[in-house]
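Observations on the three-dimensional arrangement
Take a look at the letters that make up each chain.
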Amino acid sequence: MKKTIPESFKIYFWDVNIDDIDLEKHKRFVIERILNYGDHQALFWLKEIYDEIMIKEAVKKSRNLTRKTARFWQAYFNLSEEEMRCFTKF
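What counts, and at which threshold
Residues numbered from 1 in each chain as written. Predicted model: local features only at pLDDT ≥ 70, side-chain atom pairs only at ≥ 80, totals over all residues. Heavy atoms only, no water. Phe/Tyr/Trp six-rings, centres within 6.5 Å; stacked < 30°, edge-to-face > 60°. Buried < 20%, exposed > 50% of the residue type's maximum accessible area, 1.4 Å probe, protein only. Lys NZ or Arg CZ within 6 Å of the ring centre and 35° of its normal. Salt bridge = Lys/Arg side-chain N within 4 Å of Asp/Glu carboxyl O. Helix = DSSP H or I, 4+ residues; strand = E, 2+ residues; numbered from the N terminus. Polar contact = N/O pair within 3.5 Å; in protein donor to acceptor, adjacent residues only side chain to side chain. Contact = heavy atoms within 4.5 Å. Axes fitted to C-alpha atoms, helices over the stretch in contact; angles between N-to-C directions. Parallel < 35°, antiparallel > 145°, perpendicular 65-115°, else oblique. Left-handed = near helix turned anticlockwise from the far one by under 90°. Nonpolar A, V, L, I, M, F, W, Y, C, P; charged D, E, K, R; others polar.

As annotated in an unreviewed UniProt entry, the protein carries the name DUF6922 domain-containing protein and comes from Carboxydothermus islandicus.

Quick look at the structure:
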């Protein structure tokens, strides 16, 4: 069975059709959205879909994390600013 984004998380993907999102192909987009806007339930779901290594890599490569989100995940994963692309835009 192909995993999909739960209908209840549609609010985090307001600008796209969630039926068109491929969880493998669009993983960084999905991770960014859930980290920026998701609640606890969405975060638990995210961790069921993607392992911590994938989430950490998305955090390191993303340019779309908010400053607040970036700082939280920087502390969580013990990353330096230099390891995170999102700090190059701030």
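Bringing the packing of aromatic side chains into the picture now. Going through the model one piece at a time under the given rule, you end up with nine aromatic pairs. A centroid spacing of 4.9 Å and a plane angle of 90 degrees characterise the contact between Tyr-76 and Phe-77, whose relative ring orientation is edge-to-face. Judged by its relative accessible area of 39%, Tyr-76 is partly exposed. In this structure Phe-77 comes out as buried when scored by relative accessible area, which is 9%. Taken together through their ring pairs, the aromatic side chains of Phe-72, Trp-73, Tyr-76 and Phe-77 make up a single cluster. Across the ring face of Trp-14, the terminal group of Arg-33 is positioned such that the distance to the ring centre comes to 4.3 Å.

We now examine the pattern of salt bridges. Two side chains carrying opposite charge are able to pair once their charged atoms lie near each other. Under the criterion given, the structure shown has six salt bridges. Between Glu-7 and Lys-10 there is a salt bridge whose closest N-O contact spans 3.8 Å. Residue Glu-7 is classed as exposed on the basis of its relative accessible area, which comes to 56%. Between Asp-15 and Arg-33 there is a salt bridge; the shortest N-O distance is 2.9 Å. Note that Asp-15 is positioned in the segment before α1 (27–37) and Arg-33 in helix α1, a separation of 18 residues in sequence. The class for Arg-33 is buried, based on a relative accessible area of 11%.

Right, let's get into the side chain of Asn-36. Relative to the assigned elements, Asn-36 resides in helix α1. Given the relative accessible area of 15%, Asn-36 is considered buried. Polar side-chain contacts of Asn-36 include one of 3.2 Å to the side chain of Thr-69. Those residues within four positions of Asn-36 in sequence are excluded, and the remaining contacts are Asn-64, Leu-65, Thr-66 and Thr-69.

What follows is about the packing of α1 against helix α2 (residues 40–49). Interaxial distance between α1 and α2 falls to 9 Å at its minimum, and their mutual angle equals 150 degrees. Overall, the two elements α1 and α2 adopt an arrangement that is roughly antiparallel. Crossing geometry of α1 relative to α2 is assigned as left-handed. Residues Val-30, Ile-31, Ile-34 and Leu-35 of α1 form the contact with α2, whose own contacting residues are Ala-42, Leu-43, Trp-45 and Leu-46. Of the residues that constitute the contact of α1 with α2, the class distribution is eight nonpolar, no polar and no charged.

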